[in-house]
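# Structural features, examined
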Amino acid sequence: METTVASCSKQTLVFALNGEKVELSGVHPSTTLLEFLRLQTRYKGAKLGCGEGGCGACVVLLSTYEKEQVHDFAVSSCLTLLYSVDGCSVTTTEGLKDGFHSIHERFAGFHASQCGYCTPGMCMSLFASLVNAEKSSRPDPPPGFSKLTVSEAENAVAGNLCRCTGYRPIIDVCKSFAQDVDMEDLGLNSFWKKGEGAEVSKLPTYMPHKICTFPDFLRDEKLQIRSSSLSSPPVSARISGTESLRKGQHWFAPTSMVELLNVMESEQGVQLVAGNTSSGIYKNVNDCGSYVDLTHILELSEIKKDDYGIEFGATVTISKVIDTLLEEEKILGSERGLVFRKIADHLNKVASKFVRNTASLGGNLIMAQRKGFDSDIATLLLGAGSSVKLQMGTERFTLFLEEFLQMPPSNWNALLLSVHIPSCGQDKKAIVDGISNVGKHAEETRLLFETYRAAPRPHGNAVAYLNAAFLAEVTNDKVTGNVGAGHLRLAFGAYGTKHAVRATKVEEFLVGKFFTPSILLEAIRLLQAEVVPEQGTPSAAYRSSLATGFLFDFLRPLVKSLDGPVRSVGNNIGVGDINGAIVCPEFVNNSGRKSTVLTSNLANPKTFTAISGDGCTEPSIISARQVMDIHQDYYPIGQPTKKVGAELQASGEAVYVDDLPSPKDCLHGAFVYSTKPLARIQKIEMSPSLASQEFVTLISAKDIPKGGQNVGMLADEPLFADVLTECVGQPLGLVVADTRKGACIAAENVNVCYDTENLEPPVLSIEEAVSKSSFYQNPSFYHPEKFGNFSDGMSLADHKIHSAEVEMGSQYYFYMETQTALAVPDEDNCMVVYCSTQIPETCQLIIAKCLGLPEHNVRVISRRVGGGFGGKAFRSVPVATACALAAHRLGRPVRVYLDRKADMMSVMGRHPIKVKYTVGFKDDGTVTALHVDILIDAGISEDCSSSMLITIPEALKKYNWRVFSYDIKLCKTNLLTKSAMRAPGEVQGSFIAETVIEQVASALSMEANAVRRKNLHTFESLKVFYGNCSCAADYTLPLVLDKLLASSCFDSRAEAVKQFNSCNRWRKRGLSVVPIVYKVTMWPKPGKVSILNDGSIVVEVGGVELGQGLWTKVAQMTAFALGKILNDTGEDLLKRVRIVQTDTLSLVQGGYTAGSTASESSCEVVRLSCNVLVERLTPIVAKLQENKEQVSWDAVVLQAHRRLLNLSASTYWVPAPGTSQYLNFGAAASEVEVDLLTGATTILRTDITYDCGLSLNPAVDLGQIEGAFVQGIGFFMLEKHVTDYDGLVLSDGTWTYKIPTVDTIPRQFNVEILDSGHHKNRVLSSKASGEPPLLLAASVHCAAREAIKAARSDLRAYSNSEAPSPVFRMDTPATMDYIKELCGLDNVERYLRSLISRS
Ligand SMILES: Cc1cc2nc3c(=O)[nH]c(=O)nc-3n(C[C@H](O)[C@H](O)[C@H](O)COP(=O)(O)OP(=O)(O)OC[C@H]3O[C@@H](n4cnc5c(N)ncnc54)[C@H](O)[C@@H]3O)c2cc1C
Ligand code: FES
Ligand code: FES
């Protein structure tokens, strides 16, 4: 190694962590900041949610000191390499603490943290926005506020995922800091009561500069650190135990091009690195070899402006590019800076802020060039006519971007030096590569530039189906008014080609022509031949139609005789009249662009911004309203008390399973999964090379001790496949190693030999299961109900629909905390297992069975779960059991924390379902008979699938079908086991009912909502269908509906929607209202309440805290019930209550925390236990009163102790016969807007009215309602779960599976919690809220169907033949490609053809 190379090799690093100095040496260069934080420090706030930059759970603040300024930005610590933070300061959520920070307190007070696993990352994203807002030159805000604006506040957490809350309260937290917020707009919180005046002074005080993000010592030491690292002296690590540097693995940090080239020349296979965000996309590539950090080389980070545009060094981050382009646009003005502004706007939709802050421009283009990455940036820059500078060996080249992209990617080690983005205003030659024909009509020509992207999420963090950037020089014929193009660049990318391309044939065709419908149609024909996705690209036809849609959208305003006036070539051209609006009035919105007035009765029409060039509605300010009565009947029950432990969750103090420090000698496990759907397992072998390196061993079925059983769940599911594997993703064994990384690498390198000889082919679909009669036997409790005689019902019908079909896909849980457990062997053959589980008791039972131990040898502890949704019920058991088996076998603690991919590949969620139905109905929409056949894919084991036989029909019965019958079969397939996911079966049943209603309405050309009304239950019919689950006074659905229709102004908005649709050709709206009837069952629960010497109270219950607020309700119940002793309000007692983790040896018979009712039953058992204590303590109170002594809680407890009273009471509550079930009612009205060019759906508004009985805690219930609804949006609209034919899950990460984000929730989100009064058979008259509201999200699907109906009606008007039918099937999820298909992939062509034929 030459001297210069050695001198830039780093072996030590120094940085600040939450203000403390950290010095490290010998760190492995591939170590990420998150790995270091979680494994080497006490700061566990940053969580591992995905490891690919897609969730934000790991976000921390990184601060650098350059040019005498501190720069602060949020980064995803899972992608940031530890060596990159040398000389920087890192702040985690713990670093905000001094007591609690106002961010933490506001997250708690606005009820914005449920399971809390996303919360630290959310806090840090918000903190980064606040810190940066404070640095702006805006005038100082009023006291208590920050300089943040409301729209910035909404964007602050744009890339962070939350699976629990539905985002609305999180947005409220962010907005509460904004200087321009209307305090009255903020939602329910614990800082002020309704009507008491919303004032900033009531919020936890925000002190802008309280946290020092870059400590002085680092500022002073920075230079010193640099010089010390040059001579590489051994530095003793303040934090020890880092991985030793493996031989030949270095971190080079050259500071000049000379140093860099020396390293590249002398070191083989070095990995150049800037932000390292590509490791989120191309995993494991960074695990070996040496790294060369490019970010310290001045030439690569410079930004230079010239007469033609701006040259960005390759390592300049995307965030910096955005800022620079916007600054320059301000200088150039909107016309001359058009290209810069459009590129900046588009870049704001690339990834998320915490990725853009470190992701470099150069890294992105290299990925596009070498790996065919679906880059937005390559397309944008291609459209803008950019060029790049490269260094190859000692030579430098300047190439146009298309030349660069077309170079062969292999065997090529060029260094990208810089990227030049030309501006439009100063010298058009720069843009048109010197071939401009500007001059001929210089006065009349204008430059247009627009960019597009269609992605599952409008505002980023989702790779596009197709992106595009169009630049045109257009001229206006003053005489005819026609517009033509002098020059064009049409760039398309991400549609399934190797890289972005220009549609040159279309460009050539259009240049010099005036735009007419015929010219446009011909251009589209050429385009479709030119922009062709490669074979095997998913949604290929959709992507082609997007290309058409984008080109049409760009050129449409220039075409005479299309809808709307043709703009003259003036300043507004290209910005366009949107949406084909013909006659509707217009308004100018905030951004100065014209948009169609929202004619529906929305509260804040001004808050909707214009439709963006990408065909998606830009995120607008979310508004919301919450209506509820706060009752005092059982105070503090009924109060919107903030969630127990929410501040701890926000500040990173709350301990989840993976936050528990590893016990001494702890090992780590990673599963080996089957890659075959059905095969004999001949051999499972460790790779010998790995086995010798560290402690690595494989635990398989052979390790199950004598007396134990190979059991992973219930009887039919082994822990590890032994002789035969039955599906892809089935666990075959657990690799155990010293480190988690080591275990994962070793698991990937396990060799499994399979044999399929003489085996039947696997059953890989519902159809194959049917053809082979592969079904699970129906359980003995299943007796399908029948209501009336089907033929009689059908004979009364005026119309019949026979054997119509509909399908529903699966849904993955996407809990933020993946499956995890830690097993610690204890004395006398005992095992303690810490597990993230909803069913500790079952874990205990199965572990004991597997190990062949009595159950009392197994203690399962579950403190809090980072999101469950049913996925931490049965599916948590194999993980806990495998851990326990490994720990038992090796006599050492073993922990497992599945990475996101492993979790998604092995844990399936909802059951996919295929449905056939036959329905008879009358002319007025009254259904006379319905029969439904349902086939459910249950997978290789039954799990809890048999419950679907009950839950589906229960929800399906929500309408009065008069005559109703069904047949349900559970298919046994060679696919992953499906399990219960929030509202299992109910959501499918309810949706089938809506599908039937929709089809009947379409067949009769009636309003679907009118058909719903016709078939709504009367109380009499409800009794027929649901028995005695409800009394007349409890049947609140009609009331719920009336309230909802009134509060949502349904009728007037329905009219407005019709008007909107008649005015708009390329956007359609739909409005729909969906009611639900949901039966819940209460299960027995144990509980124990104990009073300690000092009067503090400790409570144990069988229910587990999953984020659903169970502990909070239990604490309120304890305070209420014990408060009776003193006739107290319970408020003081509430502060004395602590709920402790579930522990299967401390409290037995804990049962399941599932089915929405665990909070209620836990409350009830606590109430009964408290009653026992009250009875014991009452004589003491009487005595004190008699003696005229002070009757305080402390005095009573003191006396009780003196009298040796038993101050602990435990009870096992079992619902009284006939009272365990009741019905829940609710309804939602949703209005959506569908973009017919892209299929994108925007939820404009949702109103929910939900009957919570007398809510135990309206804030908790509100959180459940909103969170469940948004999870339902995911199921109905977004979350497409894809597998290959063998059943291998392809939706295996945040890249391929899209749960809702802030930008996909309703823009206006109103919830009313209906207080439906007292009922003796429920727990203090409360009703469940956890699952039922998820069903209400069908209203979004139904509203989208309404919009599609309107689109198809237009399409019929354009088409002579092949007109789309008004009756159509619409499955779930209705993703944008699917919706576009239903609206007509060729709707633009049809429209143009009809126009041409008319002219
Ligand atoms: C969650 C997420 C979402 C994303 N979404 C989008 C999106 O919607 N649209 C989009 O366009 N992109 C998206 N990206 C990609 C993102 O823009 C790139 O990952 C990023 O720009 C790469 O920059 P980097 O500095 O992190 O590169 P690195 O990861 O450091 O490097 C990437 C590759 O380029 C090489 N390299 C880096 N710099 C140079 C150089 N100067 N010369 C030669 N080789 C070099 C490296 O060796 C490596 O092979 C997303 C990324 C993530 C993680
Ligand atoms: S864990 Fe880093 S973004 Fe998800
Ligand atoms: S609170 Fe956000 S993921 Fe649970």
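Think of each chain on its own: its residues are numbered from 1, step by step along the sequence as written. The lettering of chains begins at A and the numbering of ligands begins at 1, in the order of writing. Thresholds applied to this predicted model are a pLDDT of at least 70 for local features of residues and 80 or more for the giving and counting of side-chain atom pairs; totals over whole chains, interfaces and linings are not thresholded and use all residues. Excluding hydrogens and water, the side-chain values take into account all heavy atoms of the structure.

Another point: the pattern of salt bridges. Salt bridges are defined by distance alone: a side-chain nitrogen of Lys or Arg within 4 Å of a carboxyl oxygen of Asp or Glu. Scanning the model with the defined rule gives 79 salt bridges in all. Residue Glu805 is joined to Lys916 by a salt bridge in which the shortest nitrogen-to-oxygen separation is 3.8 Å. Separated by 111 residues along the polypeptide, Glu805 in strand E29 (residues 799-808) and Lys916 in strand E34 (residues 913-921) bring together distant segments of the chain. For Lys1079, the salt bridge goes to Glu954, with nearest N and O atoms at 2.9 Å. Of the two residues, Lys1079 is situated in strand E37 (residues 1067-1081) and Glu954 in helix H28 (residues 948-956); the sequence distance between them amounts to 125 residues. Each member of the pair, Lys1079 as well as Glu954, carries the same accessibility label: buried. Ionic contacts of the salt-bridge type, sharing partners, join the residues Glu767, Glu805, Glu807, Lys914, Lys916, Arg1369 and Asp1371 into one network. By definition, any uninterrupted DSSP run of H or I lasting at least four residues is a helix, any uninterrupted run of E lasting at least two residues is a strand, and each is numbered from the N terminus. A simple rule labels every residue: compare its accessible area, found with a 1.4 Å probe on the protein chains alone, to the largest value its type can have, and call it buried under 20%, exposed over 50%, or partly exposed in between.

Moving on, we come to the sheet that holds strand E40 (residues 1137-1139). What makes two strands pair is DSSP finding at least two bridges between them. The strand order across the open sheet built from 4 strands is E40-E39-E38-E42, with neighbouring strands paired in mixed fashion. In the strand order of this sheet, the two ends are held by E40 and strand E42 (1208-1213), each with one partner. Adjacent strand axes in the sheet meet at a mean angle of 15°, parallel and antiparallel pairs treated alike. Examined bridge by bridge, strand E38 (residues 1085-1091) and strand E39 (residues 1097-1101) share 5 bridges and lie antiparallel to one another. Within E39, the residue paired with Ser1090 across the bridge is Val1098. Fitting a line to C-alpha atoms yields each axis, with helices limited to the stretch in contact; the angle taken between N-to-C directions then spans 0 to 180 degrees.

Most of helix H6 (residues 168-176) sits out of view: 9 of its 9 residues are buried. Taken residue by residue, H6 has Arg168, Pro169, Ile170, Ile171, Asp172, Val173, Cys174, Lys175 and Ser176 as its buried positions.

Moving on, we come to the nonpolar core. Nonpolar cores were defined as sets of buried Ala, Val, Leu, Ile, Met, Phe, Trp, Tyr and Cys residues, with membership established by side-chain atoms within 4.5 Å. Counting residues in hydrophobic clusters, the biggest one holds 347 residues, and the most contacted among them are Phe492 and Trp961. Two residues form a contact once any of their heavy atoms are found within 4.5 Å. Those residues in contact with Trp961, other than ones at most four positions away along the chain, are Val927, Thr928, Ala929, Leu930, Leu956, Ala993, Val996, Ile997 and Phe1025. By size, the runner-up hydrophobic cluster in this structure holds 44 residues, among which are Ile699, Ala880, Cys883 and Cys944.

What follows concerns the state of the cysteines. Working definition: a disulfide is two cysteine sulfur atoms within 2.5 Å of each other. Under the counting rule described, the total for this entry stands at 0 disulfides. Residue Cys753 stays outside any disulfide, its sulfur separated by 19 Å from that of Cys727, the closest cysteine.

This paragraph deals with the site of ligand 1. A cutoff of 4 Å decides nearness: a residue is near a molecule or strand if any of its heavy atoms lies inside that distance of it. Close to ligand 1 lie 36 residues, the nearest being Leu272, Thr277, Ser278, Ser360 and Asp376. Two N or O atoms count as a polar contact when they lie within 3.5 Å, although within protein this holds only if one can serve as hydrogen donor and the other as acceptor, and sequence-adjacent residues are included solely when both atoms are side-chain atoms. Between Ala351 and ligand 1, the recorded distance is 3.4 Å, taken from a backbone N or O atom to a nitrogen atom. Computed by Shrake-Rupley with a 1.4 Å probe, the accessible areas treat only the displayed protein chains as cover when residues are assessed. Protein contacts shield 97% of the accessible area of ligand 1, which totals 970 Å² for the unbound molecule. At the level of elements, strand E8 (271-273), helix H13 (361-371), helix H14 (376-384) and strand E14 (415-422) are the ones that each hand at least two residues to the shell around ligand 1. Here the shell around ligand 1 takes 4 residues from H13, the largest share from any one element. Residues are grouped as follows: Ala, Val, Leu, Ile, Met, Phe, Trp, Tyr, Cys and Pro are nonpolar; Asp, Glu, Lys and Arg are charged; every other residue, Gly included, is polar. A class-by-class count of the residues in the shell around ligand 1 yields 21 nonpolar, 12 polar and 3 charged.

In terms of burial, strand E17 (residues 483-493) is largely enclosed, as 11 of its 11 residues are buried. Relative to E17, strand E16 (residues 466-476) runs antiparallel, the two being bridged by 10 bridges. Within the sheet, the bridge partner assigned to Ala469 lies in E17 and is Ala491. Here E16 folds back onto E17 in antiparallel fashion, the turn holding 6 residues, of which Gly481 has a positive phi close to 80°.

Centre-to-centre distance and the angle between the planes together describe a pair of aromatic rings. Aromatic rings from Phe, Tyr and Trp, taking only the six-membered ring of Trp, are treated as a pair when their centres fall within 6.5 Å; an angle between ring planes under 30 degrees marks them as stacked, one over 60 as edge-to-face, and anything in between as tilted. Taken as a whole and judged by the stated rule, the model has 36 aromatic pairs. Between Phe15 and Phe36 the ring centres are 5.7 Å apart and the planes differ by 75°, which places this aromatic pair in the edge-to-face class. Within this pair, whereas Phe15 is found in strand E2 (residues 12-17), its partner Phe36 is found in helix H2 (residues 33-40), the two being separated by 21 residues in sequence. We classify Phe15 as buried; its relative accessible area is 0%. With centroids separated by 5.3 Å and ring planes inclined at 85°, the aromatic side chains of Trp1066 and Tyr1391 adopt a geometry described as edge-to-face. Here Trp1066 is found in the loop between helix H33 (1050-1063) and E37, whereas its partner Tyr1391 is found in helix H42 (residues 1387-1398), with 325 residues between them in sequence. An identical accessibility class is assigned to Trp1066 and Tyr1391; each is buried. Aromatic ring contacts, followed pair by pair, group Tyr452, Phe470, Phe492, Phe550 and Phe554 into a single cluster. Cation over ring: Arg1069 sits above Phe1060, and NZ or CZ is 3.7 Å from the ring centre. In this analysis the charged atom, NZ for Lys or CZ for Arg, is taken to sit over a ring once it is within 6 Å of the ring centre and within 35 degrees of the ring normal.

In short, shape yes, function no, at least from these values alone.
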